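# Structure at a glance
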Amino acid sequence: MGKTALVTGITGQDGSYLAEFLLSKGYTVYGMVRRSSTENFDRIEHIRDQVILRQGDLLDQLSLLNLIEESNPDEIYNLAAQSFVPTSWTKPLLTGEFTGLGVTRMLEAVRAVKSKARFYQASSSEMFGLVQEVPQKETTPFYPRSPYGVAKVYGHFITVNYRESYGMYAVSGILFNHESPRRGKEFVTRKVTDGVARIKLGLQKELKLGNLEAKRDWGFAGDYVRAMWLMLQQDKPQDYVIATGETHSVQELVEIAFNHAGLNWKDHVKTDPTLIRPAEVDLLIGDSSKAKRELGWKTEVSFEGLVKMMVDADIQRLKP
Ligand code: NAP
Ligand code: G4F
C-alpha cells in the first residue's frame, strides 16, 4: 500500500514542488486549497489530475478536522501561511492568525483525528532575524524582526511543544530562502528576474528595489522540498536547518541577473525608499551540517545557476 500525504499550501511555490516530488514517490496526494471566486491553480495545473484537492482554511478548525478525517494521511506537510514579510506589517493580525495560530489549529486537528500521522511545519530563517550567531544553526537563539518572523517563532515552538507534550511525530524545518521560476513575483529574486526579462524584451525600462545590501542564503526550492520529506522519514522526530551555507547580497543577485541578459544593472535599477522595511534582517547564512549528516541532504543547484534558471524562464515566458 502506498502512503498518503496531505499538503496545505499546495498552490504555493513549495506546495507545487513537494506535490510533484511525492507523486514521483508513489504517494496519494491530497491538497488543501482555499475557496476563491477564481481558481489559483497555475503552479499545479500540470499535475492537477493526479492530486486530490479539497477546500479548507487555516482559519477554520472544522475544515481542518474534516480534511484529515477524509484524507487519513500518513504524513502532513503544513506549508500554508501568509508568507510575504512586508505584508506582515500591514496585516499583522491576519499574519498571526494564519502563520502562527494556524499551526495550532492544524496540530489540534491532527491530535484529534490522527495523532500517529507525521507532521511537518514550515519554519523559517526569518526567526533568526537580528542574528545572534553566524552561521545560524538549530541551537541559535531566535530574534525575529517582523510580525511574520514572530508568528513563525510561535509556529515553531508550538510544534516542538506538541511533540514533547503528546509524543507526536511533529518536526520543524527551519528553511532558509529558497526560490524558483515559480516564486511569487513580489519576492526579490523573482521581482529581479521578471524585471530583467521585461527590460530585455523592451516591456519595461526601470526596476525599483529597496535595500540592496541585505544578504540572504538563497537555494533552489526543488532541493528544499526533498529535505521536508526526509525529515518525516527518520526514526526520531527532530528539527533541522536547511540552507546552502553561502550568502549573497541583493546587489550580487541583481548583477548576476542583469549580466546574464547582457544588460548593465546600473542603467536600470533605482532605489525606492518606500520599499525599505521598518526593521530589516541584514544577514542570513545557515549551517545545515546536521541535515547533511543525518538526512544525507545536499543542494544540487548553485546560486548562480538558480538566478540564471529564473532569468531564462522569465524571458521564455514573456517572449512574444
Ligand atoms: P507561498 O508561495 O506564498 O504559498 C503559500 C501558500 O499558503 C499558498 O498555497 C496559499 O494559498 C496558502 N495559504 C495562505 N493562507 C492560507 C489560509 N488561510 N488557508 C489555507 N491556505 C493558505 O509560500 P512558499 O514560498 O511556497 O512557502 C511555503 C511555506 O514555507 C510558507 O509557510 C512559508 O512561510 C514557509 N517558508 C518559505 C520559505 C521560502 O523561502 N520560500 C522559507 C522558509 C519558510 P493561496 O494560493 O490561496 O494564496
Ligand atoms: O525576497 P524577500 O521578500 O524575502 P524575505 O523577506 O527574506 O522572506 C522570504 O524568505 C524567508 C526565509 O528567510 C521566508 F520565511 C519568507 O516567507 C520569504 O519567503 O526579501 C529578501 C531581501 C530583504 O532583505 C529585502 O529588504 O531583499 C530585500 N529587498 C530589496 N529590495 C527586497 C526588495 N525585497 C522585496 N520583496 N522587494 C524589493 O523590491
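Residues numbered from 1 in each chain as written. Chains lettered and ligands numbered in written order. Predicted model: local features only at pLDDT ≥ 70, side-chain atom pairs only at ≥ 80, totals over all residues. Heavy atoms only, no water.

## Quick notes on the nonpolar core
Counting 41 residues, the largest nonpolar core has Ile10, Leu22, Val29, Tyr77, Tyr120, Met231 and Ile242 as the members making the most contacts within it. Excluding residues within four positions of it along the chain, Tyr77 makes contact with Ala5, Leu6, Val7, Thr8, Leu18, Leu22, Tyr120, Met228, Trp229, Leu232 and Gln233. (Core = buried A, V, L, I, M, F, W, Y, C linked by side-chain atoms within 4.5 Å. Buried < 20%, exposed > 50% of the residue type's maximum accessible area, 1.4 Å probe, protein only. Contact = heavy atoms within 4.5 Å.)

## Focus: the site of ligand 2
Residues in contact with ligand 2 amount to 24 residues; listed here are only the nearest, Ser124, Ser125, Tyr148, Arg277 and Glu280. Here Arg216 contributes a side-chain N or O atom positioned 2.8 Å from an oxygen atom of ligand 2. When ligand 2 is considered free in solution it has 720 Å² of accessible area, and contact with the protein chains removes 95% of it. Grouping the amino acids of the shell around ligand 2 by side-chain chemistry returns 10 nonpolar, 6 polar and 8 charged. (Near = heavy atom within 4 Å. Polar contact = N/O pair within 3.5 Å; in protein donor to acceptor, adjacent residues only side chain to side chain. Areas by Shrake-Rupley, 256 points an atom, 1.4 Å probe, with all protein chains shown as cover. Nonpolar A, V, L, I, M, F, W, Y, C, P; charged D, E, K, R; others polar.)

## Points about the layout of surface pockets
In this structure, the second largest pocket spans a volume of roughly 200 Å³. Taken together, Thr11, Asn40, Asp42, Arg43, Pro181, Arg182, Arg183, Gly184, Lys185, Arg190 and Arg317 form the lining of the second largest pocket. The two domains that each donate at least three residues to the lining of the second largest pocket are domain 1 (4–178 + 218–242) and domain 2 (184–217 + 246–284 + 301–318). (1 Å grid on protein atoms, 1.4 Å probe; cavity = no way out; pocket = protein on both sides within 12 Å on 5 of 7 lines; lining within 4 Å. Points joined across faces, edges and corners; volume = space filled by probe spheres on them. Domains from an automatic or database assignment.)

## Some details on the pattern of salt bridges
Inspection of every chain in the model, using the stated rule, returns 21 salt bridges. With a closest N to O distance of 2.7 Å, Glu20 and Arg182 form a salt bridge. Taken together, the residues span a long stretch of sequence, with Glu20 in helix α1 (residues 13–24) and Arg182 in the loop between β7 (178–179) and α6 (188–200) at a distance of 162 residues. One salt-bridge network, in which partners are shared between bridges, spans Arg190, Asp194, Arg198, Asp314 and Arg317. (Salt bridge = Lys/Arg side-chain N within 4 Å of Asp/Glu carboxyl O. Helix = DSSP H or I, 4+ residues; strand = E, 2+ residues; numbered from the N terminus.)

## Details of the site of ligand 1
The immediate surroundings of ligand 1 are formed by 25 residues, with Thr11, Arg34, Asn40, Ser83 and Tyr148 found nearest. Take Gly12: an N or O atom from its main chain is 3.0 Å from an oxygen atom of ligand 1. In this structure, a nitrogen atom belonging to ligand 1 sits 3.0 Å away from a side-chain N or O atom of Asp57. Within the complex, the protein chains bury 89% of what would otherwise be the 900 Å² of accessible surface of ligand 1. For the shell around ligand 1, the elements supplying multiple residues, two or more each, are α1, β5 (118–124) and α5 (147–166). Ranked by residues supplied to the shell around ligand 1, first place goes to β5 with 3 residues. Its residues assigned to classes, the shell around ligand 1 shows 10 nonpolar, 10 polar and 5 charged.

## Focus on the packing of aromatic side chains
Counted according to the given criterion, the structure contains 10 aromatic pairs. Ring geometry for Phe142 versus Phe157: centroids 5.8 Å apart, planes at 65°, classification edge-to-face. Separated by 15 residues along the polypeptide, Phe142 in the loop between β5 and α5 and Phe157 in helix α5 bring together distant segments of the chain. By relative accessible area, Phe157 is classed as partly exposed at 45%. (Phe/Tyr/Trp six-rings, centres within 6.5 Å; stacked < 30°, edge-to-face > 60°.)

## Focus: the side chain of Lys290
Tracing the backbone through its elements, the reader meets Lys290 in helix α9 (residues 289–295). At 4.8 Å, Glu294 is the nearest oppositely charged side chain to Lys290, a buried residue that forms no salt bridge. Among the polar contacts listed, one links the side chain of Lys290 to the backbone oxygen of Asp239, at a separation of 2.8 Å. (Lys, Arg positive; Asp, Glu negative; His and termini not counted.)

## Concerning the environment of Leu175
Tracing the backbone shows Leu175 in strand β6 (residues 170–175). Once the C-alpha coordinates of Leu175 and Glu138 are considered, the two residues, 37 residues apart in sequence, prove to be 11 Å apart. If near-sequence neighbours (up to four positions away) are discounted, Leu175 is found in contact with Tyr120, Ser123, Ser124, Ser125, Tyr224, Met228, Met231 and Ile242.

## Observations concerning the domain arrangement of the chain
In terms of domain boundaries, the chain breaks down into domain 1 (4–178 + 218–242) and domain 2 (184–217 + 246–284 + 301–318). Placing the centre of domain 1 and that of domain 2 at their C-alpha centroids yields a distance of 27 Å. With 21 residues of domain 1 at the contact, the number on the domain 2 side is 23 residues. Across the interface of domain 1 and domain 2, roughly 1,900 Å² is buried in total on both sides, 65% from carbon and sulfur atoms. Contact with domain 2 buries surface across domain 1, with Phe84, Arg145 and Trp218 losing the most and accounting together for 41% of the total. At the boundary of domain 1 and domain 2, one finds 1 salt bridge. Among the salt bridges present, the one from Arg216 reaches Glu126, with a minimum N-O distance of 3.8 Å. Counting across the interface, domain 1 meets domain 2 through 2 residue pairs in polar contact (both at pLDDT 80 or more). For the side of domain 1 that touches domain 2, the elements supplying multiple residues, two or more each, are β10 (219–220) and α7 (221–231). A class-by-class count of the residues in the side of domain 1 that touches domain 2 yields 11 nonpolar, 6 polar and 4 charged. (Buried area = accessible area lost by both parts, 1.4 Å probe.)

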